[in-house]
Amino acid sequence: MSLALDGGTPADGLVITGDLVQDETAEGYAYLARVLEDTGIPCFCVTGNHDRRDLMEEWLGSAAMEPIADNRIDGWNLIFLDSTLPGEDGWRLTRRQVHHMDALLERDLGLCLVFLHQHPLPIGSAWMDAMGVTNGAQLLAVCDRHPHLKAVICGHIHQEFSVRRRHYHILGTPSTCFQFLPESQDFALDARTPGYRELLLYADEQLDTRVVRLAAYPEPLSLDATGY
Ligand SMILES: [Fe+2]
């Protein structure tokens, strides 16, 4: 958090793309609430598969995003989706969420970013791809129809990821704790350090983004772990 907020241009907002508290306890969310409040900037917390929505709402208040929510920063429209609703075949977006997002994009032609926890398309890592959004193709089909949408950004995969699709980017963000090894077919940790993704939004439709990482791990990391 200090790396993201110290120095440089002050941030207009902070998006946390899910899995907010590792132990899913009230104490954990209370701690996070204090940390976010101390930033003094708007915070937008998306639900992850390791989150408890009831505790998020209790402790984070308006920073806890609804299953679909939108907000605006500097003329850019931000849409937040909860991808953790369980379906028969895994985690999926509901038909209502997808239609609502389509309607928001129809109604507001301002530049737009979409945030959700799980990745909406395969990232080339079998064990992670079994835990993506199972109907991500429906989400991307809506995104394909709206040229003012500039990026879909996820958490969950604990690694940097970037692909271009039509008029927009699909971006994965490093975790603020341990990292998963890209393109690994089974669980494997990566020696890369924790980090975050910076998003610079310009009025002329330009989106600049980069990943920033800690110089070193704050504590020793065992790379031979077989799970987490
Ligand atoms: Fe996750």
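The text that follows walks through the structure, step by step, so that each part is easy to find. Only a predicted model underlies this, so the values are computations on that prediction, with no experimental measurement involved.

Observations regarding the overall build of the protein
If you tally the helices and strands in the protein, you get 6 helices and 14 strands. For 228 residues, the compact-globule estimate of 2.2 N^0.38 gives 17 Å, and the C-alpha radius of gyration of the protein, at 17 Å, lies within 12% of that figure. Across its three principal axes, the protein shows a C-alpha extent of roughly 50 × 40 × 35 Å. Taken across its 228 residues, the protein has 49% of its residues classed as buried. Within the protein, contacts between residues separated by at least 24 positions form 59% of all contacts whose residues are at least 6 apart in sequence. Accessible area for the protein stands at about 11500 Å²; split by element, carbon and sulfur atoms hold 51% of it.

Looking at the sheet that holds strand β10 (residues 168-172)
Spatially, 6 strands are ordered β3-β4-β7-β8-β10-β9 in an open sheet, and the strand pairing comes out mixed. This sheet does not close on itself; its edge strands, each paired only once, are β3 (68-73) and β9 (161-165). Across this sheet, the average inter-strand angle for adjacent strands is 20°, counted without regard to direction. Sheet analysis places strand β7 (residues 112-116) next to strand β8 (residues 149-154), joined by 5 bridges and oriented parallel. What sits directly across from Leu113, in β8, is Ala151. Strands β4 (76-81), β7, β8, β9 and β10 of the sheet are contacted by helix α6 (residues 136-144), whose axis makes an angle of about 145° with β10.

Things to note about the coordination of the iron ion
Each angle at a metal carrying four tetrahedral donors should ideally be 109.5 degrees, and each at a metal carrying six octahedral donors should ideally be 90 or 180 degrees. Around the iron ion, the donor atoms from the protein are Asp19 (OD), Asn49 (OD1), His117 (NE2) and His156 (ND1), and they sit 2.1 to 2.2 Å away. Each of the 4 donor atoms bound to the iron ion contributes to angles spanning 83 to 154°, and the resulting shape is irregular.

Considerations on the pairing of β10
Most of β10 is tucked away, with 4 of its 5 residues classed as buried. Here 4 bridges tie β8 to β10, and the two strands are oriented parallel to one another. Pairing of Cys154 across the sheet is with Gly172, part of β10. Here 5 bridges tie β9 to β10, and the two strands are oriented antiparallel to one another. Bridge pairing links Phe161 to Gly172 in β10. Here β9 folds back onto β10, and the loop between the two strands holds 2 residues, one of which, Arg166, carries a positive phi near 50°.

Considerations on the packing of helix α2 (residues 26-39) against helix α3 (residues 53-60)
Interaxial distance between α2 and α3 falls to 9 Å at its minimum, and their mutual angle equals 40°. Viewed along their axes, α2 and α3 adopt a mutual orientation that is oblique. Both α2 and α3 take part in a crossing whose hand is right-handed. Of the residues in α3, those in contact with Ala26, Tyr29, Ala30, Leu32, Ala33 and Leu36 of α2 are Leu55, Met56, Trp59 and Leu60. A per-class count over the contact of α2 with α3 returns 10 nonpolar, no polar and no charged.

Some details on the nonpolar core
Core analysis: the biggest nonpolar cluster contains 32 residues, and Ile79, Leu81, Met101, Val114, Leu139 and Val152 have the highest contact counts within it. Judged by nonpolar contacts, the second largest core, of 16 residues, contains Tyr29, Leu32, Ile41 and Leu55.

Observations concerning helix α4 (residues 95-107)
The terminal C-alpha atoms of α4 lie 18 Å apart, and with 13 residues this matches the ideal 18 Å at 1.5 Å per residue to within 8%. Here α4 has its buried residues at Gln97, Val98, Met101, Asp102, Leu104 and Leu105. Projected down its long axis, α4 shows its buried positions confined to an angular sector of 160°, all on one face. Of the exposed residues in α4, the ones pointing more than 90 degrees away from its buried face are Arg95, Arg96, His99, Glu106 and Arg107. Structurally, α4 contributes buried residues whose contacts are with β3, β4, β7, α6 and β8.

Quick word on the environment of His119
Within the element layout of this structure, His119 appears in the loop between β7 and α5 (126-129). For the pair formed by His119 and Leu171, sequence separation is 52 residues and the distance between their alpha carbons is 8.7 Å. Not counting residues within four places of it along the chain, the set of residues in contact with His119 comprises Met128, Asp129, Met131, Gly132, Val133, Cys154, His156 and Ile157. Separated by 3.2 Å, the side chain of His119 and the backbone oxygen of Met128 make a polar contact. At 3.3 Å, the side chain of His119 forms a polar contact with the side chain of Asp129.

The rules behind these values
- Residues numbered from 1 in each chain as written.
- Predicted model: local features only at pLDDT ≥ 70, side-chain atom pairs only at ≥ 80, totals over all residues.
- Heavy atoms only, no water.
- Helix = DSSP H or I, 4+ residues; strand = E, 2+ residues; numbered from the N terminus.
- Rg over C-alpha atoms; globule rule 2.2 N^0.38 Å.
- Buried < 20%, exposed > 50% of the residue type's maximum accessible area, 1.4 Å probe, protein only.
- Contact = heavy atoms within 4.5 Å.
- Areas by Shrake-Rupley, 256 points an atom, 1.4 Å probe, with all protein chains shown as cover.
- Pairing = 2+ DSSP bridges.
- Axes fitted to C-alpha atoms, helices over the stretch in contact; angles between N-to-C directions.
- Donors = N, O, S within 2.8 Å, 3.2 Å for Na, K, Ca; no water.
- Tetrahedral: all angles 85-135°; square planar, octahedral: opposite > 155°, others 65-115°.
- Parallel < 35°, antiparallel > 145°, perpendicular 65-115°, else oblique.
- Left-handed = near helix turned anticlockwise from the far one by under 90°.
- Nonpolar A, V, L, I, M, F, W, Y, C, P; charged D, E, K, R; others polar.
- Core = buried A, V, L, I, M, F, W, Y, C linked by side-chain atoms within 4.5 Å.
- Expected span 1.5 Å × (residues − 1).
- Arc of directions from axis to C-beta.
- Polar contact = N/O pair within 3.5 Å; in protein donor to acceptor, adjacent residues only side chain to side chain.

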